[in-house]
Amino acid sequence: QYPGIVYMPCNPSNNFFPDLANTPRADVIYFCSPNNPTGAAATKEQLAELIKFAKDNGSIIVYDAAYAPFIRSPDVPKSIYEVEGAREVAIEVNSFSKYAGFTGVRLGWTIVPDELLWADGTPVRNDFNRVMCTIFNGASNIVQAGGLACLDDEGLKEIETLI
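The shown structure was predicted, so the numbers you read here are calculated from the model rather than taken from an experiment.

**With respect to the overall build of the chain**
From N to C terminus, the chain includes five helices and four strands. Listed N to C, the secondary structure of the chain is β-α-β-β-α-β-α-α-α in terms of helices and strands. The C-alpha radius of gyration computed for the chain amounts to 17 Å, which stays within 12% of the reference 15 Å derived for 163 residues, consistent with globular compactness. Expressed along its principal axes, the backbone C-alpha trace of the chain runs to roughly 45 × 40 × 35 Å. When contacts within the chain are restricted to residue pairs at least 6 apart in sequence, those whose partners lie at least 24 apart make up 59%. A total accessible area of about 10200 Å² is found for the chain, and carbon and sulfur atoms account for 55% of it.

**As for the sheet that holds strand S1 (residues 28-32)**
Taken together, four strands build an open sheet; the order of strands is S1-S2-S3-S4 and the sheet is mixed. Sheet topology places S1 and strand S4 (108-111) at the edges, where each strand pairs with a single neighbour. Geometrically, the sheet is characterised by an average inter-axis angle of 15° between neighbouring strands, direction not taken into account. Examined bridge by bridge, strand S2 (residues 60-64) and strand S3 (residues 90-95) share four bridges and lie parallel to one another.

**As for helix H4 (residues 141-151)**
Those residues of H4 not exposed but buried are Val143, Gly147 and Cys150. Projected down its long axis, H4 carries its buried residues within an arc of 55°, all on one side. In H4, the exposed residues that point more than 90 degrees away from the buried face are Asn141, Ile142 and Leu148. Where the residues of H4 are buried, they touch helix H2 (96-100) and helix H5 (153-162).

**Let's talk about unusual backbone geometry**
With omega at -5°, the peptide bond leading from Ser33 into Pro34 counts as cis. Turning to its location among the elements, Pro34 is positioned in the loop between S1 and helix H1 (44-57). Geometrically, the link from Asn36 to Pro37 is a cis peptide bond, its omega value of 20° lying close to zero. Positive phi outside glycine occurs at Asn15, with the angle close to 55°. Along the chain, the position of Asn15 falls in the segment before S1. One non-glycine residue, Arg106, adopts positive backbone phi at about 65°.

**Section: a negative patch on the surface**
Where like charges cluster on the molecular surface, the negative patch consists of Asp152, Asp153, Glu154 and Glu158. By the element assignment, Glu158 lies in helix H5.

What counts as what
Residues numbered from 1 in each chain as written. Predicted model: local features only at pLDDT ≥ 70, side-chain atom pairs only at ≥ 80, totals over all residues. Heavy atoms only, no water. Helix = DSSP H or I, 4+ residues; strand = E, 2+ residues; numbered from the N terminus. Rg over C-alpha atoms; globule rule 2.2 N^0.38 Å. Contact = heavy atoms within 4.5 Å. Areas by Shrake-Rupley, 256 points an atom, 1.4 Å probe, with all protein chains shown as cover. Pairing = 2+ DSSP bridges. Axes fitted to C-alpha atoms, helices over the stretch in contact; angles between N-to-C directions. Buried < 20%, exposed > 50% of the residue type's maximum accessible area, 1.4 Å probe, protein only. Arc of directions from axis to C-beta. Patch = residues over 30% accessible without salt bridge, like charges linked within 9 Å, V, L, I, M, F, W, Y side chains within 5 Å. Salt bridge = Lys/Arg side-chain N within 4 Å of Asp/Glu carboxyl O. Lys, Arg positive; Asp, Glu negative; His and termini not counted. Charge placed at Lys NZ, Arg CZ, Asp CG, Glu CD.

Keep in mind these numbers describe shape, not what the thing actually does.
Okay, structure coming up:
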């Protein structure tokens, strides 16, 4: 364990969802659903609780949805943005690693909604864009072409077969 990090245990005793009533405030909440390695996926009600917690505490949720394609239950959200209010408190990250077997290729995406604002009202996306444009040159053309191929009709059909 590292100092300054708030650990939010998610285990069988709490149905793999943190006890938010006993969790101190944190600037950033990292939450993965479905969870690796358990496969536990947060319900819409649980995500609504997490969103409320973030709003009440001025926290930003980084929602890792890399395992979302494995969700088969129609009542379990594949994106935090399926829950009202999430666009005001959450950044969602995802990857082709799990969707399309791109492990090691490192192609993914991040959604930083316009509605997500710092306390002074400036959009978080402005700072995110500045940092990404300063330190990241982007994926190679061939990797980008592979990602686009995954998103056409044939690619989506193959992904569905794989999963």
